[in-house]
Amino acid sequence: MFTHTQALQFEAKPDGPDPAFARRMQEILGGQWGEMTVATQYLLQGWNCRLPGKYKDMLLAIGTEELAHVEMIVTMIDRLLDHQPLKPDASDRSKEAAAGFGQVNPQHAIANGGGAYYKDSMGVPWSGGYVTASGNLMADFHYNATAEMQGRLQVSRLYNMTDDPGVKEMLRFLITRDHMHQNQWLAAIEELKSDGLEGIPVPEAFPLDEEQSEYSYAFIQASDGAEAAAGRWASGPAPDGRGQFTARAIEATADAPVLPPGDPRLFGTPQTEAHGLLQKAKDMLT
């Protein structure tokens, strides 16, 4: 069950309208790493979670908080769109005025009547395909940490694209919460390990004796970069505590593939030999 309180979690009021920046803010609303993605992702992970208790409760709590951030960003975009120009200033036909008007998203006015929508800064619709809910908490929590890192990165870039104090204040709040949420997911990952629920590699329950062990800890040098194996990933103990990293050059272990002739009913280009046989068959019938 959801309820809604109309008061915002944090103020979302610019010092003045800026329709061009409203377009940019669409990215952190309806882009791949925007608030619509994390809100629905965490909620879906929580609703699907078959493990009752703290992990499920935490997912539903943070997902609902992210919905509050969706509302804040929508409100900010709406206010940035107040008194947006509907055409270039008739008294100023300069290239500068035309260029500034060209930064405005026309759909904000034409399709939404001066409001935000669930699309990114280029007008690409938000997609549920951005959302990951695998059913494995270790895999999902790692992905959630990545989502918060990408989200904080984008909001930090937006912070340097405006001089509006009101906008900056809300962006500072979002940046701060993304900081917390990164730490939250990393802490949750460690909690899963300490609770003995999941570890590395994911899924931990898959039997390791089914792996081809000679590849389990081998860093494969498949590029000619001289320092590809110079890092921690190519020597020393692996993070899972079960093996030692090694490094070796990539090598072929199977022959080049040769496919049989395709189904003639699909009209693919046949192999030369097969084409010759088909032609002989046709010649015999004529």
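Note that the structure is predicted; figures quoted are calculated from it, not measured. (Residues numbered from 1 in each chain as written. Predicted model: local features only at pLDDT ≥ 70, side-chain atom pairs only at ≥ 80, totals over all residues. Heavy atoms only, no water.)

Novice: I would appreciate a short explanation of the overall build of the protein chain in the present structure.
Specialist: In terms of helices and strands, the protein chain carries nine helices and three strands. Ordered by position from the N terminus, the helices and strands of the protein chain form the series α-α-α-α-α-α-α-α-β-β-β-α. For 286 residues, the compact-globule estimate of 2.2 N^0.38 gives 19 Å, and the protein chain exceeds it by more than 25% at 27 Å. Its C-alpha atoms give the protein chain principal-axis dimensions of roughly 80 × 65 × 50 Å. Long-range pairs, those at least 24 residues apart, make up 75% of the contacts in the protein chain with a sequence separation of at least 6. Here the protein chain displays about 17,800 Å² of accessible surface, and carbon together with sulfur accounts for 56% of that area. (Helix = DSSP H or I, 4+ residues; strand = E, 2+ residues; numbered from the N terminus. Rg over C-alpha atoms; globule rule 2.2 N^0.38 Å. Contact = heavy atoms within 4.5 Å. Areas by Shrake-Rupley, 256 points an atom, 1.4 Å probe, with all protein chains shown as cover.)

Novice: When you look at the nonpolar core in this model, what are you seeing that I'm missing?
Specialist: Among soluble globular proteins, nonpolar side chains are generally buried collectively. Core analysis: the biggest nonpolar cluster contains 23 residues, and Met 25, Ile 28, Ile 73, Met 170, Leu 171 and Leu 174 have the highest contact counts within it. Put simply, the parts of the chain that give this core at least two residues each are α1 (19-25), α2 (27-30), α3 (35-48), α4 (54-80), α7 (137-159) and α8 (165-194). Leaving out residues up to four positions away in the same chain, Met 25 has contacts with Ile 73, Met 76, Ile 77, Leu 80, Leu 158, Met 170 and Leu 171. The next biggest cluster of nonpolar side chains, apart from the first, holds 17 residues, and it includes Tyr 42, Leu 137, Ala 145 and Ile 189. (Core = buried A, V, L, I, M, F, W, Y, C linked by side-chain atoms within 4.5 Å. Buried < 20%, exposed > 50% of the residue type's maximum accessible area, 1.4 Å probe, protein only.)

Novice: Hey, could you run me through empty space enclosed by the protein in this one?
Specialist: Empty space among the atoms becomes visible once a probe the size of a water molecule is rolled across them. Counted under the stated rule, the structure contains one cavity of 30 Å³ or more. If you add up the space inside the largest cavity, you get close to 60 Å³. As for the largest cavity, its lining consists of Ile 28, Trp 33, Gly 34, Glu 35, Val 38, Ala 147, Glu 148, Gly 151, Val 155 and Asp 178. Contributions of two or more residues to the lining of the largest cavity are made by α3 and α7. (1 Å grid on protein atoms, 1.4 Å probe; cavity = no way out; pocket = protein on both sides within 12 Å on 5 of 7 lines; lining within 4 Å. Points joined across faces, edges and corners; volume = space filled by probe spheres on them.)

Novice: I tried to follow the pattern of salt bridges on my own but got confused; where do I start?
Specialist: Pairing is possible between side chains that carry opposite charge, provided their charged atoms lie close to one another. Counting across every chain of the model gives eight salt bridges. Of the charged contacts, one joins Glu 65 and Arg 177 as a salt bridge, the two residues approaching to 2.8 Å between their closest N and O atoms. You can see Glu 65 sitting in helix α4 and its partner Arg 177 sitting in helix α8, a full 112 residues away along the chain. Residue classification places Arg 177 among the partly exposed residues on the basis of a relative accessible area of 23%. Measuring nitrogen to oxygen at the nearest pair gives 3.4 Å for the salt bridge that ties Glu 190 to Lys 193. A residue pair is termed a helical-turn pair when its members lie 3 or 4 positions apart in one helix, as Glu 190 and Lys 193 do in helix α8 at three residues. (Salt bridge = Lys/Arg side-chain N within 4 Å of Asp/Glu carboxyl O.)

Novice: In this structure, what is going on with the packing of aromatic side chains? I would like to understand it.
Specialist: Here a ring pair, both rings aromatic, is described through the centre-centre distance and the interplanar angle of the planes. Evaluated as defined, the whole model comprises six aromatic pairs. Here the aromatic rings of Phe 10 and Phe 173 are separated by 4.5 Å at their centres, their planes lie at 10°, and the arrangement is stacked. You can see Phe 10 sitting in the segment before α1 and its partner Phe 173 sitting in helix α8, a full 163 residues away along the chain. Overall, the relative accessible area of 15% leaves Phe 173 in the buried class. In this structure an aromatic cluster arises from ring pairing among Tyr 42, Tyr 55, Phe 141 and Trp 185. (Phe/Tyr/Trp six-rings, centres within 6.5 Å; stacked < 30°, edge-to-face > 60°.)

Novice: Where do I start with the pairing of strand β3 (residues 244-249) in this structure?
Specialist: Where a strand is regular, its side chains alternate between the two sheet faces. Bridge count for strand β1 (residues 218-221) against β3 is four bridges, and the pairing is parallel. Note on β3: the bridge partner recorded for Phe 219 is Ala 247. Alignment of strand β2 (residues 236-237) against β3, held across two bridges, turns out to be antiparallel. Among the inter-strand pairings, Gly 236 is bridged to a residue of β3, identified as Phe 245. Between the end of β2 and the start of β3, which pair antiparallel, lie six residues, with Gly 241 showing a positive phi angle near 75°. (Pairing = 2+ DSSP bridges.)

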